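In case you want the letters, here they are:
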Amino acid sequence: MALNYTKKTINHFLKPQNIGEINKPDGYAQIGNMVCGDQLDFFLKVEKGKIKDVKFLSFGCASNIATASLLTEKVKGMTIAEAKKYKWETVVAELGGLPSQKIHCSIMAVQGLRKAIADYESRQVIEPTFGKKVKKVKNIKKTVADKKK
Amino acid sequence: MKVYLDNGATTRLDPRVLAKMKPYLTEKYGNASSIHFLGQSAYLDLMGAKERVAKILGGEAESVIFTSGATESNNMIVKGVALANQTKGNKIIVSNIEHPCVRESANELARAGFKVEFVPANSDGIVTPEALEKLIDKETILVSIMTVNNEIGTINDITALSKVAHKYGAYFHTDAVQAIPYLKIDIKKMGIDLLSLSGHKFHGPKGVGVAYIGKGIKIKPLIVGGGQENNLRSGTYNLPGIMGLVYALELAYKERTAYLKRVKELRDYFWKTINKEISGLKLNGSLTKRTPANLNVMFGSIEGEAILMDLSYKGICVSTGSACSATNLRASHVLMAIGLNKNFLNSNIRFSFGKFNTRSEIDYTIKALKDTVKRLRNFSPIK
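About the criteria used
As a convention, each chain's residues are numbered from 1 in the sequence order in which they are written. Chains carry letters and ligands carry numbers; both start at the beginning, A for chains and 1 for ligands, and go up in the order they are written. The predicted origin of the model limits local features to residues at a pLDDT of at least 70 and limits the giving and counting of side-chain atom pairs to 80 or more, whereas totals for whole chains, interfaces and linings rest on all residues. Put simply, DSSP marks the helices as runs of H or I at least four residues long and the strands as runs of E at least two long, and each gets a number from the N terminus on. Partly exposed residues are those falling between the two cut-offs: more than 12 but fewer than 20 other C-beta atoms within 10 Å of their own, whereas 20 or more means buried and 12 or fewer means exposed, with C-beta atoms placed from the backbone. The globule rule used here is 2.2 Å times the number of residues to the 0.38 power, and the radius of gyration it is set against is calculated over C-alpha atoms. By definition, residues are in contact whenever their C-beta atoms, placed on the basis of the backbone, come within 7 Å of each other. Where each domain begins and ends follows an automated or database-derived domain assignment. Each residue gets one of three labels, nonpolar for Ala, Val, Leu, Ile, Met, Phe, Trp, Tyr, Cys and Pro, charged for Asp, Glu, Lys and Arg, and polar for the others, Gly among them. Only the stretch in contact is used when a helix axis is fitted, and all axes are lines through C-alpha atoms; the angle between N-to-C directions ranges over 0 to 180 degrees. Note that the term roughly parallel is reserved for angles under 35 degrees, roughly antiparallel for angles over 145, roughly perpendicular for angles of 65 to 115, and oblique for everything else. Crossings are assigned a handedness: left-handed for a near helix turned anticlockwise from the far helix by less than a right angle, right-handed for a clockwise turn. Picture the helix axis, draw a direction to every C-beta atom, and the arc is the one those directions span. Should DSSP find at least two bridges between two strands, the strands are taken to pair. The term nonpolar core refers to a set of buried Ala, Val, Leu, Ile, Met, Phe, Trp, Tyr and Cys residues connected through C-beta atoms within 7 Å.

Enquirer: Go over the overall build of chain A, please, and point to the residues and values.
Expert: When its secondary structure is counted, chain A shows 6 helices and 5 strands. Ordering the α and β elements of chain A from the N terminus gives α-β-β-β-α-α-α-α-β-β-α. Looking at the 149 residues of chain A, the share that counts as buried comes to 40%.

Dropping the structure here:
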């Protein structure tokens, strides 16, 4: 089977959107690794519950790069709740299809984004009383880890 | 510009070869098994073709069998010799850098109850006689070790390896698909009992190959039917393909000296330049014990298929490892076998040169490759 990418996939591969890193991201995640042949790193900047900026780095094939590019383009500006619901099937549909052996790329990209959102959420603490107020706690992971000890 | 640097996968048919093939499709289309004049003329050409192949390979005409290609030849020989010689023993030895058609044939034998051993290549990509000696015994029916590896172009010492096989009374087979015309094959001097070739690897046609089966070697045919090729391989003789293969083989050796010089110059110039102008490259396999047509390069922080696709959109054809690995997405068993760090198994490109490549194509490729690597490294998470 040949790798027949759609024009849209090719464009995202040749001119990927949102590549790079975000300094001091509100959420970060790495998914995959070099041994498997795919790795994506996602960086999030969140403001008022919305994805203000999202960037990625890729060690991966053309469709790994293209799916991450499309996904970041789509979720930029979405609320966290909306972005969490973004499906890999939608990535595939938006690209006009992917070769069957490349479907896993779209799954990995969506999982990576969700992992970065989970990282963002783990850094948030919602005040139990009076609801609505959201307080940001830095280094919560470290604090939790320290408590466990 | 279009640049074809995937000659290890297949090569462009030489137009002179095509010219020799054409009459066998349009005028001399007789079935070589027919006894009328059209059939008999085809039959005579077929017999002549066997003589010509035997002459180049230093073997005997009656041992030359034409097949559909090396995959068939390798399947036929590995399985056929094992199945027909079970009185000798139960063991088959193949190297761990063989083409999948040899490896999978061996695996099929293992499932059928044969004892199959994989002799490991060293870190240079060479299978040594010492390594073979460690695994072989009197029970061994067949040893199959490729002449030249398809992914990294490394060359095995066939004469020394066949000696080890014969010491234990085993037959020696070599898949010599990638060896033409880089090595002078002399079946008798090199101690080769069985050999496989494929027409399209040396600017001949696809769909035709050779299985050389030494005199007196018992073999179970893979394809049965009308009894062609002395009952060893049934099916109508593919005269256009056979005549094309033979002529391509003759041309390859006739023009060998000048070609080898030119291809080595291009390959060495390419490697020297990219190694100087792109940081962090590593050559997979020995530089000296490989054919002048092959380069297999590790790029470190970026993924092979991304490099391949980026070059492809610039008109350049290369491969990741081998053409077979392009669609099954498995890391190269050859690079694993030579002990490449597993982090880098997915960062490699094979550049395989051929007789139609020019210096300006290589210059264009160098420039394109520099851009590709720079672009992809720019957003790689691996620092």
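Enquirer: Before we move on, could you go through the overall build of chain B and cite the residues and values that matter?
Expert: Assigned secondary structure in chain B consists of 13 helices and 12 strands. Computed over its C-alpha atoms, the radius of gyration of chain B comes to 21 Å, within 12% of the 21 Å expected for a compact globule of 383 residues. Seen through its principal axes, chain B has C-alpha atoms that stretch 65 × 50 × 35 Å. For chain B, with 383 residues in total, the buried portion stands at 52%. Sequence-distant contacts, at least 24 apart, represent 75% of the contacts inside chain B between residues at least 6 apart.

Enquirer: Kindly report on the domain arrangement of chain B, identifying the contributing residues and their values.
Expert: Residue and element names in this part refer to chain B. Domains assigned within chain B are domain 1 (3–10 + 256–376) and domain 2 (15–254). Each side of the interface is counted separately: domain 1 has 24 residues, and domain 2 has 27 residues. For the side of domain 1 that touches domain 2, the per-class residue count stands at 7 nonpolar, 12 polar and 5 charged.

Enquirer: For the packing of helix 2 (residues 62–75) of chain A against helix 5 (residues 103–122) of chain A, give the residues involved together with the corresponding values.
Expert: Residues and elements named next belong to chain A. Here helix 2 crosses helix 5 at 45°, and the two axes come no closer than 9 Å. By the angle class used here, helix 2 and helix 5 are oblique. You can see that helix 2 and helix 5 cross each other, and the crossing is right-handed. The segment helix 2 lies against helix 5, with Ser63, Asn64, Thr67, Ala68, Leu71 and Val75 engaging Cys105, Ser106, Ala109, Val110 and Leu113.

Enquirer: Got a sec to walk through helix 1 (residues 7–14) of chain A? Specific residues and values, please.
Expert: All of the buried residues along helix 1 of chain A are A:Thr9, A:His12 and A:Phe13. One side of helix 1 of chain A carries all its buried residues, which in axial view fall inside an arc of 100°. If you follow the buried residues of helix 1 of chain A, they end up packed against helix 2 of chain A together with helix 10 (304–312) of chain B.

Enquirer: I'd love a proper account of the pairing of strand 8 (residues 209–213) of chain B, names of residues and values included.
Expert: Residues and elements named next belong to chain B. For strand 8, the buried fraction is high: 5 of the 5 residues fall into the buried class. Note: strand 2 (residues 64–67) against strand 8, 4 bridges, orientation antiparallel. Among the inter-strand pairings, isoleucine 65 is bridged to a residue of strand 8, identified as alanine 211. Strand direction decides the pairing type here: strand 7 (residues 194–198) and strand 8, joined by 5 bridges, are antiparallel. Bridged to leucine 194 within strand 8 is isoleucine 213.

Enquirer: Outline the environment of B:Gly244, supporting the account with residue identities and numerical values.
Expert: Residues and elements named next belong to chain B. As for its position among the elements, glycine 244 is in helix 8 (residues 239–254). Separated by 38 residues in the primary sequence, glycine 244 and lysine 206 have C-alpha atoms spaced 9.4 Å apart. Setting aside residues no more than four positions away along its own chain, glycine 244 makes contact with Val17, Lys20, Met21, Gly199, Gly204, Pro205 and Val208.

Enquirer: I'd like a description of the interface of chain A and chain B, backed by residues and values.
Expert: Facing the 19 residues of chain A at the interface are 17 residues of chain B. Going through the elements one at a time, helix 1, strand 2 (38–47), strand 3 (50–59) and helix 2 of chain A are the ones with two or more residues in the side of chain A that touches chain B. If one sorts the elements of the side of chain A that touches chain B by residue count, strand 3 of chain A sits on top with 3 residues. In terms of residue class, the side of chain A that touches chain B is made up of 12 nonpolar, 6 polar and 1 charged.

Enquirer: Tell me about the packing of helix 4 (residues 70–84) of chain B against helix 5 (residues 100–111) of chain B, residues and numbers included.
Expert: All names here are of chain B. As a packed pair, helix 4 and helix 5 sit with axes 9 Å apart at the nearest point and diverge in direction by 30°. The angle between helix 4 and helix 5 falls in the class roughly parallel. The crossing of helix 4 and helix 5 is right-handed. Contacts from Ala70, Thr71, Asn74, Asn75, Val78, Lys79 and Ala82 in helix 4 reach Cys101, Val102, Ser105, Ala106, Glu108 and Leu109 in helix 5. The residue makeup of the contact of helix 4 with helix 5, split by class, is 7 nonpolar, 4 polar and 2 charged.

Enquirer: So, the environment of B:Leu266: which residues are in play, and what are the values?
Expert: Residue and element names in this part refer to chain B. On the secondary structure map, leucine 266 appears in helix 9 (residues 256–277). Looking at leucine 266, the number of C-beta atoms within 10 Å reads 20, which means it is buried. Taking C-alpha positions, leucine 266 is 7.2 Å from isoleucine 362, a pair spaced 96 residues apart along the chain. In contact with leucine 266, other than residues within four places in its own chain, are Phe353, Asn357, Arg359 and Ile362.

Enquirer: Give a detailed account of the pairing of strand 12 (residues 348–352) of chain B, specifying residues and quantitative values.
Expert: A large share of strand 12 of chain B lies buried, amounting to 5 of its 5 residues. Along strand 12 of chain B, one buried face is formed by B:Asn348, B:Arg350 and B:Ser352 and the opposite face, lined by B:Ile349 and B:Phe351, is buried too.

Enquirer: Describe the sheet that holds strand 2 of chain A, with residues and values.
Expert: Backbone hydrogen bonds are what pair the strands of a sheet, in a parallel or an antiparallel way. Residues and elements named next belong to chain A. Reading across from one edge, 1-2-3 is the order of the 3 strands in this open sheet, with antiparallel pairing throughout. The sheet terminates laterally at strand 1 (27–33) and strand 3, the two strands that pair on one side only. For this sheet the average axis-to-axis angle between neighbouring strands, irrespective of direction, equals 15°. Two elements, strand 1 and strand 2, share 7 bridges in a ladder whose sense is antiparallel. Bridge pairing in strand 2 places glycine 32 opposite glutamine 39.

Enquirer: Which residues make up the sheet that holds strand 9 (residues 282–283) of chain B, and what are the values?
Expert: Residues and elements named next belong to chain B. Sheet architecture is open: 3 strands sit in the order 9-10-12, paired in antiparallel fashion. Each of the sheet's edge strands pairs with one partner strand only, and the pair in question is strand 9 and strand 12. Across 5 bridges, the pairing between strand 10 (residues 294–298) and strand 12 is antiparallel. By the bridge assignment for strand 12, methionine 298 is matched with asparagine 348.

Enquirer: Quick rundown of the nonpolar core? Include the residues and the values.
Expert: Residue and element names in this part refer to chain B. Counting 149 residues, the largest nonpolar core has Ile92 and Ile242 as the members making the most contacts within it. A domain-level breakdown of this core finds at least three residues from each of domain 1 (3–10 + 256–376) and domain 2 (15–254). Leave out the neighbours within four places in its chain, and isoleucine 92 touches Ala82, Ala106, Leu109, Phe114, Val116, Ile141 and Leu142.

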